Amino acid sequence: MALSAPARGGQARTVNTSSDIFLTWGVFGIQLGNLIVIVAMLAVFVLALVLPFPGSRGRK
Amino acid sequence: MTAVTPGQERAAAPTATSAATATPTPTATATATPSPTATPTQPPAAEEDRTWTGRTRRWLLGKLPPDKLLPNTQPSYVASWIYVLGMGAIGSLLFIIASGVVLSFNGPTWYHVSALGHFVNSVHLWSVELFFFFMVVHLWGKFWMAAWRGKRVLTWITGVVSFAVSIVAGFTGYLVQTNFDSEWISFQAKDALNATGIGAWFNVTNFGQMFMWHILILPIGVLAIVAFHVVLVRVHGVVPPLEASETDAQLTHPDTTGE
Amino acid sequence: MTKHDSTHRDDLDARPWAGRVREYDLFKELAIGVGVVGVLVLALAAIVGSPDDKTITLKTWATAAPADFIATATGELAGTTDTAGYGPPYTTTAGATQTLGPIDLQSMSGTRLPIDTAKDLVITPLTTLGAAADARATWAAASDTQRTDWATAYGEALAKAPKGDPAKVAAGDYGPVPELTATLQAEAVTGGVDGAIQQEGGVFNFDYTRTILFLGDGQYFPGLAAGMHLTGDQWGMMNETGNYPGQSWLWLFSFWYQLPVIGDLPNADLVVVGLMGLLTLALALVSVIPGLRDLPRLIPLHRLVWRSYYRQR
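Residues numbered from 1 in each chain as written. Chains lettered and ligands numbered in written order. Predicted model: local features only at pLDDT ≥ 70, side-chain atom pairs only at ≥ 80, totals over all residues. Heavy atoms only, no water.

Chemist: How do you make sense of the overall build of chain B when you look at a structure like this?
Modeler: Looking only at helices and strands, chain B features twelve helices and one strand. Going residue by residue from the N terminus, the α and β elements of chain B occur as α-α-α-α-α-β-α-α-α-α-α-α-α. Evaluated residue by residue, chain B yields a buried proportion of 52% over its 259 residues. Considering only intrachain contacts with a sequence separation of at least 6, the fraction spanning at least 24 residues in chain B is 70%. Total accessible area computed for chain B in this model is approximately 11,900 Å², and 71% of it derives from carbon and sulfur atoms. (Helix = DSSP H or I, 4+ residues; strand = E, 2+ residues; numbered from the N terminus. Buried < 20%, exposed > 50% of the residue type's maximum accessible area, 1.4 Å probe, protein only. Contact = heavy atoms within 4.5 Å. Areas by Shrake-Rupley, 256 points an atom, 1.4 Å probe, with all protein chains shown as cover.)

What follows is the structure in structure tokens.
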């Protein structure tokens with residue numbers, strides 16, 4: 001993907017028309033929607049590992 | 001394994017048929033001393049069935065007998081929520097296909113002008129998000145279980161390939177939204193494809209080409225590779241625990257309950 | 001683990017399971033899976049919905065940012081825009097391709113989607129629309145050098161003018177370029193140029209390459225994208241408009257562009273694609289990569305997955 005004009009020359013007018021929430025920590029930035037999805041994935045992974053699985057009936 | 005092999009099933013048949021045709025007919029006379037095995041008028045037993053169809057059936061039933069294809073038991077170690085994530089991905093895929101079919105009825109721009117269309121588009125988006133969600137967590141789980149062990153390498157590889165093909169399918173979906181996002185993504189993505197020479201044949205700014213890839217070629221690819229992956233899982237079964245040993249109680253005393 | 005143990009273990013892993021089993025219902029699990037996913041999908045679709053930001057057209061652009069439109073059209077005439085100097089598959093520009101040592105896949109693919117920016121994006125649309133006939137005739141009669149000189153001079157003058165305003169450009173020898181570009185902008189405002197460029201591919205043209213490249217050569221369209229955090233240095237393709245989650249599964253692809261040591265390379269795209277190709281291959285072949293394949297043993301998360309099994313050994 002090409003870096004856009006603002007990234008290359010810093011001359012493009014960045015038109016702030018968007019209502020998105022973009023979180024930044026120093027050099028790291030992430031869009032809120034993606035952050036929620038990624039955190040949820042990690043949470044589901046951890047929960048799938050630690051939550052007890054319902055005992056199965058009818059063992060042979 | 002309790003499955004009856006095709007050969008066993010067939011072995012009983014000639015006897016019964018011979019008894020039924022024991023009345024004096026020209027055919028019966030011709031075979032005065034019917035052997036317990038096949039007579040010339042009988043279909044050949046499975047072992048001797050050398051037709052392509054017969055061989056294929058024998059091979060398929062050997063690889064994947066019905067109780068393996070549609071199991072009603074699983075090894076006792078299959079007891080974790082980590083095992084349900086693959087099914088979550090398959091469930092999501094069904095919703096992707098269903099919502100995609102509904103979107104297809106009215107074409108790619110319908111959802112801009114119809115509330116129902118927009119809702120179906122939302123269903124399509126969220127089933128894709130959940131598909132990748134479940135697939136990725138499933139992948140993490142299988143990695144930490146080293147699920148490629150025991151001749152399951154191809155199962156693992158088909159899983160990775162289905163992930164890769166799904167990414168391309170999802171990407172082409174973003175390209176055919178016919179909105180700002182698809183305009184921008186096509187503009188941005190062209191460079192990586194052009195730099196590798198692929199862009200000359202797979203032109204992301206050509207809506208018609210991307211549309212056909214998204215609604216025909218890639219869905220066939222995803223469905224085929226996912227189906228193959230699932231069949232391989234059924235053929236090889238679920239990978240045993242790491243460090244499982246022949247002396248484990250669950251192997252030495254398979255008939256007792258562990259709890 | 002001894003060699004013998006290892007072989008032994010492979011047998012256990014590969015053999016059909018002969019130990020204890022539990023009841024399992026494949027179809028019930030499928031039904032529950034479809035049900036749970038269905039509830040989630042329908043709830044998210046109903047409550048959160050999906051984004052749908054309207055397309056940007058040449059008309060939108062020419063209306064909202066006329067000076068940028070005219071400057072870009074001038075660049076297309078001068079051959080100074082990104083598209084004009086892109087190299088394959090759009091132009092034959094020498095030395096414009098991304099290479100990795102002797103590997104030049106971009107050149108190997110050839111100029112399969114040729115674009116002559118001056119002709120395809122400016123002159124032909126004006127011809128189709130029957131506009132600026134005198135200026136087009138002057139342009140057609142001029143030599144290539146003369147054309148480039150006019151357009152380059154006008155482009156530089158526009159850059160120096162206050163806010164790039166064509167009305168405030170210093171006087172100079174720009175030939176027909178001011179009229180060509182101003183007319184194109186005026187026609188674009190009516191929506192005519194969108195149709196004219198699209199029609200170059202015939203009535204049933206599904207190919208938007210020319211329009212999208214033209215939009216991308218300006219500053220308005222990329223500026224909108226930057227405002228929505230969609231550009232390459234903002235994790236680009238991962239992101240969706242608004243607050244909707246995007247293609248988060250592309251995080252690693254986007255990640256490399258965030259590292260200046262890679263993102264600033266002239267062949268960044270080729271390096272990143274190559275890197276991702278290798279990493280995907282490594283993921284597929286993890287079972288034969290020493291170290292990587294041993295991670296599950298070394299970091300025993302599997303103890304959690306199979307804890308009931310290990311408890312009952």
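There's more to say after this.
Chemist: What is the right way to read the overall build of chain C from this model?
Modeler: Check the secondary structure of chain C and you find 18 helices and one strand. With 313 residues in all, chain C has 48% of them scored as buried. Long-range contacts, defined here as pairs at least 24 residues apart, represent 57% of the contacts in chain C between residues at least 6 apart. Of the accessible surface of chain C, which amounts to about 14,400 Å², a share of 62% is contributed by carbon and sulfur atoms.

Chemist: Would you explain the pattern of salt bridges in this entry?
Modeler: Close approach of charged atoms lets side chains of opposite charge pair. Inspection of the entire model under this criterion finds ten salt bridges over all chains. The residue D13(C) makes a salt bridge to R149(B) at a minimum N-O spacing of 3.4 Å. One end of the pair, D13(C), is in helix α1 (residues 3–14); the other, R149(B), is in the loop between α8 (115–144) and α9 (153–175), on a second chain. In this structure, D120(C) engages R210(C) in a salt bridge whose closest nitrogen and oxygen atoms are separated by 3.6 Å. On the criterion of sequence distance, the pair formed by D120(C) in helix α6 (residues 117–129) and R210(C) in helix α11 (residues 209–217) is long-range, its members being 90 residues apart. When its relative accessible area of 7% is taken as the criterion, D120(C) is described as buried. Among the residues examined, R210(C) registers a relative accessible area of 26% and is labelled partly exposed. Connected through salt bridges with shared partners, the residues K119(C), D120(C), E200(C) and R210(C) form a single ionic network. (Salt bridge = Lys/Arg side-chain N within 4 Å of Asp/Glu carboxyl O.)

Chemist: Even after reading the chapter, I still don't get unusual backbone geometry, so can you show me in this structure?
Modeler: If a residue is not glycine, its phi is most likely negative; likewise, a peptide bond is most likely trans. Here P88(C) and P89(C) are connected by a cis peptide whose omega angle stands at 5 degrees. Along the chain, P89(C) falls in the loop between α4 (66–78) and α5 (105–109). The backbone of T178(B) sits at a positive phi, close to 50 degrees, despite the residue not being glycine. Tracing the backbone shows T178(B) in the loop between α9 and α10 (180–195). One non-glycine residue with positive phi stands out, namely E243(B), at about 70 degrees. Within the fold, E243(B) resides in the loop between α11 (207–236) and α12 (249–252). E243(B) sits in the partly exposed class, given a relative accessible area of 27%.

Chemist: I would appreciate a short explanation of the environment of T83(C) in the present structure.
Modeler: Tracing the sequence through the fold places T83(C) in the loop between α4 and α5. Each residue touching T83(C), except ones within four places of it in the same chain, is listed here: T91(C), I115(C), T117(C), L213(C) and D217(C).

Chemist: Explain the interface of chain C and chain B to me, please; I cannot follow it from the model alone.
Modeler: How big an interface is tends to be stated in terms of accessible area lost as the parts join. Facing the 101 residues of chain C at the interface are 102 residues of chain B. With both chains or domains summed, chain C and chain B bury close to 9,300 Å², and 66% of this area falls on carbon and sulfur atoms. On inspection of chain C and its partner chain B, the count reaches three salt bridges. Put simply, R303(C) and E243(B) hold a salt bridge, and the shortest N to O gap is 2.4 Å. Summed over the shared surface of chain C and chain B, the number is 36 residue pairs in polar contact (both at pLDDT 80 or more). The greatest single-element share of the side of chain C that touches chain B, amounting to 13 residues, is contributed by helix α2 (residues 26–47) of chain C. (Buried area = accessible area lost by both parts, 1.4 Å probe. Polar contact = N/O pair within 3.5 Å; in protein donor to acceptor, adjacent residues only side chain to side chain.)

Chemist: Would you mind showing me how to read the packing of aromatic side chains here?
Modeler: How two aromatic rings sit relative to each other is set out by the distance from centre to centre and by the angle between their planes. Applying the stated criterion across every chain yields a total of 28 aromatic pairs over all chains. Ring plane angle 75 degrees and centroid distance 5.2 Å describe the contact between F53(A) and W81(B), whose orientation is recorded as edge-to-face. Here W81(B) lies in the loop between β1 (73–75) and α6 (85–106) and F53(A) lies in the segment after α2 (32–50), a pairing that spans two chains. A residue is classified by how much of its surface remains accessible, and F53(A), at 25% relative accessible area, is partly exposed. Of the residues examined, W81(B) reaches a relative accessible area of 32% and is grouped as partly exposed. Ring plane angle 45 degrees and centroid distance 6.2 Å describe the contact between W235(C) and F255(C), whose orientation is recorded as tilted. One end of the pair, W235(C), is in the loop between α12 (220–227) and α13 (251–258); the other, F255(C), is in helix α13, with 20 residues separating them in the sequence. Given a relative accessible area of 26%, F255(C) falls into the partly exposed group. Aromatic ring contacts, followed pair by pair, group Y77(B), W17(C), Y309(C) and Y310(C) into a single cluster. When the ring centre of F187(B) is taken as reference, the NZ or CZ atom of K190(B) above it lies at 3.8 Å. In this structure, R303(C) packs its charged tip against the face of Y310(C), placed 4.3 Å from the ring centre. (Phe/Tyr/Trp six-rings, centres within 6.5 Å; stacked < 30°, edge-to-face > 60°. Lys NZ or Arg CZ within 6 Å of the ring centre and 35° of its normal.)

Chemist: Explanation requested: the environment of L213(C) in the structure shown.
Modeler: For L213(C), the location among the structural elements is in helix α11. Spatially, the C-alpha atom of L213(C) lies 9.6 Å from that of T117(C), the residues being 96 residues apart in sequence. With near-sequence residues (within four places) excluded, L213(C) lies in contact with F187(B), K190(B), T83(C), Y90(C) and I115(C).

Chemist: Would you explain the confidence of the model for chain B in this entry?
Modeler: Detailed reading of the predicted model is not advised wherever pLDDT is low. Averaged over all residues, the pLDDT of chain B is 85; the fraction at 70 or higher stands at 80%. Segment residues 1–36 of chain B is flagged for pLDDT under 50; beyond a separation of four residues in sequence, or across chains, it makes 23 contacts in the model. (pLDDT = per-residue confidence, 0-100.)

Chemist: In this structure, what is going on with the nonpolar core? I would like to understand it.
Modeler: Core analysis: the biggest nonpolar cluster contains 86 residues, and I82(B), Y83(B), F171(B) and W306(C) have the highest contact counts within it. Per-element tally for this core: the top contributor is α8(B), with 15 residues. The residues contacting W306(C), other than those within four sequence positions of it, are Y77(B), Y83(B), M145(B), R149(B), V239(B), P240(B), P241(B) and L242(B). Y86(C), A157(C), A225(C) and L230(C) belong to the second largest nonpolar core, which has 51 residues in total. (Core = buried A, V, L, I, M, F, W, Y, C linked by side-chain atoms within 4.5 Å.)

Chemist: Explain a nonpolar patch on the surface to me, please; I cannot follow it from the model alone.
Modeler: A cluster of nonpolar side chains, contributed by V46(A), L47(A), V50(A), L51(A), W81(B) and L304(C), occupies part of the molecular surface with about 470 Å² of accessible area. With three residues, α2(A) is the single largest residue contributor to the nonpolar patch. Looking at the secondary structure, you find L51(A) in the segment after α2. (Patch = residues over 30% accessible without salt bridge, like charges linked within 9 Å, V, L, I, M, F, W, Y side chains within 5 Å.)

Chemist: How should the side chain of T178(B) be read in this particular structure?
Modeler: In this structure the side chain of T178(B) is engaged in a polar contact, spanning 3.4 Å, whose partner is the backbone oxygen of P108(B). Excluding its chain neighbours within four sequence positions, the residues that come into contact with T178(B) are P108(B), T109(B), Y111(B), H112(B), F207(B) and T55(C).

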